Amino acid sequence: MNANDPILKFTDVTIATTTRGHAGLDHVSAQFRPGTLTFIQAETGNEPLLFADLAEGLLDPEEGCVSFQGAAWTAMPPEQVLRRRAQIGRVFDGRGWISNLNVNENVTLSQRHHTRRPNAEILAEAEALARAFGLNELPKIRPALVAPKDLRRSEWVRAFLGQPLLVLLERPMQGVPPEHLPRLLSVVQEACAREAAVLWLTDPGLPESRDRAERPSALPPVTRYAMRGLNLVKMEN
């Protein structure tokens, strides 16, 4: 791959609306390049989106192709899929926790499993991110016992841990007071500065979709899309 090639690319992707209530896509094409931040706003009544599952190769389109680092997910052998998926961080729209692990164990699990980094190094990075997000430390108790705003910010830590190439943020401010938004935007800025692509999936009315005054001044230009039915429409900034 060349430095300016898209990290993630949707080419004429079509998938029907699912029984889980996720909105489908109709011949959607988009590219997400290194160092970019992209917002995709859901349509009221169709808030759950399939972009993150498609982006990770967890869901195959019925037509078209989703490529990560220049290769279609459907063309990769299983071991390559696992290696490349380890380069993606994600905040999940729904529950994304293993219930019988403490939050700190959940947060560091992928790095401990997919890399050879010393555990102490992984934990030190995780704790530094936790402080950046306003947490005193990562919770060392089960997810069910953690306040929603702290659990969501712990998920932010997991998403950015290990400097992933692609960060998928599904409604990341859900359950989090608006005053924490600048902290998240600051780390997004750092990720874009190191040439990651950040894809922020939001829904109407949330502060991340409208609040420009709180953005750090060095945040890269934002590309905005909105869902209109099954179509993805580029918006004016």
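As the structure is a prediction and not an experimental result, all values here were calculated from the model.

Regarding unusual backbone geometry
Phi angles above zero are rare outside glycine, and D12 is one such case at about 55 degrees. Tracing the sequence through the fold places D12 in strand β1 (residues 8-15). You can call D12 partly exposed: its relative accessible area is 36%. Positive phi, normally seen in glycine, also occurs at Q163, with a value near 50 degrees. With respect to the helices, strands and loops of the structure, Q163 is situated in the loop between α5 (148-160) and β7 (166-170).

Structural notes on the nonpolar core
With 35 residues, the main nonpolar core has F160, L169, V188 and W200 as its most contacted residues. Looking at this core element by element, the count peaks at seven residues for helix α6 (residues 181-193). Of all hydrophobic cores here, the second largest spans 32 residues; its members include F51, F68, W73 and L166.

Examining the pairing of strand β4 (residues 63-68)
Bridging between β1 and β4 involves five bridges; their strand directions are antiparallel. Paired with T11 across the bridge in β4 is C65. Here β4 folds back onto strand β5 (residues 71-72) in antiparallel fashion, the turn holding two residues, of which Q69 has a positive phi close to 55 degrees.

Quick notes on the sheet that holds strand β6 (residues 88-91)
Reading across from one edge, β6-β7-β8-β3-β9-β10 is the order of the six strands in this open sheet, with mixed pairing throughout. Every other strand in the sheet has two partners, leaving β6 and β10 (231-234) as the edge strands with one partner each. Recorded for the sheet is a direction-independent mean angle of 20 degrees between the axes of neighbouring strands. Of the strand pairs in this sheet, strand β9 (residues 222-228) and β10 are connected by four bridges, and their pairing is antiparallel. What sits directly across from R228, in β10, is N231. Packing of α6 onto the sheet brings it into contact with β3 (37-41), β7 and β8 (197-202), and relative to β8 it is tilted by some 145 degrees.

Observations regarding the packing of aromatic side chains
Tallied over the entire structure, the rule returns six aromatic pairs. Between F10 and F32, the ring centres sit 6.1 Å apart and the planes meet at 85 degrees, which makes this aromatic pair edge-to-face. Of this pair, F10 sits in strand β1 while F32 sits in strand β2 (residues 25-32); the two residues are 22 residues apart in sequence, bridging distant segments of the chain. A ring pair is formed by F39 and W200, whose centres lie 5.1 Å apart and whose planes are at 45 degrees; its orientation type is tilted. You can see F39 sitting in strand β3 and its partner W200 sitting in strand β8, a full 161 residues away along the chain. The exposure class of F39 is buried, given its relative accessible area of 4%. Classification of W200 by relative accessible area gives buried; the value is 0%. An aromatic cluster of at least three residues, connected via ring pairs, comprises F10, F32 and F51. Looking at R85, its charged tip hangs above the ring of W73, at a distance of 5.7 Å from the centre. Residue placement shows R158 over the ring face of W97; its charged tip is 4.3 Å from the ring centre.

What counts and how
- Residues numbered from 1 in each chain as written.
- Predicted model: local features only at pLDDT ≥ 70, side-chain atom pairs only at ≥ 80, totals over all residues.
- Heavy atoms only, no water.
- Helix = DSSP H or I, 4+ residues; strand = E, 2+ residues; numbered from the N terminus.
- Buried < 20%, exposed > 50% of the residue type's maximum accessible area, 1.4 Å probe, protein only.
- Core = buried A, V, L, I, M, F, W, Y, C linked by side-chain atoms within 4.5 Å.
- Pairing = 2+ DSSP bridges.
- Axes fitted to C-alpha atoms, helices over the stretch in contact; angles between N-to-C directions.
- Contact = heavy atoms within 4.5 Å.
- Phe/Tyr/Trp six-rings, centres within 6.5 Å; stacked < 30°, edge-to-face > 60°.
- Lys NZ or Arg CZ within 6 Å of the ring centre and 35° of its normal.

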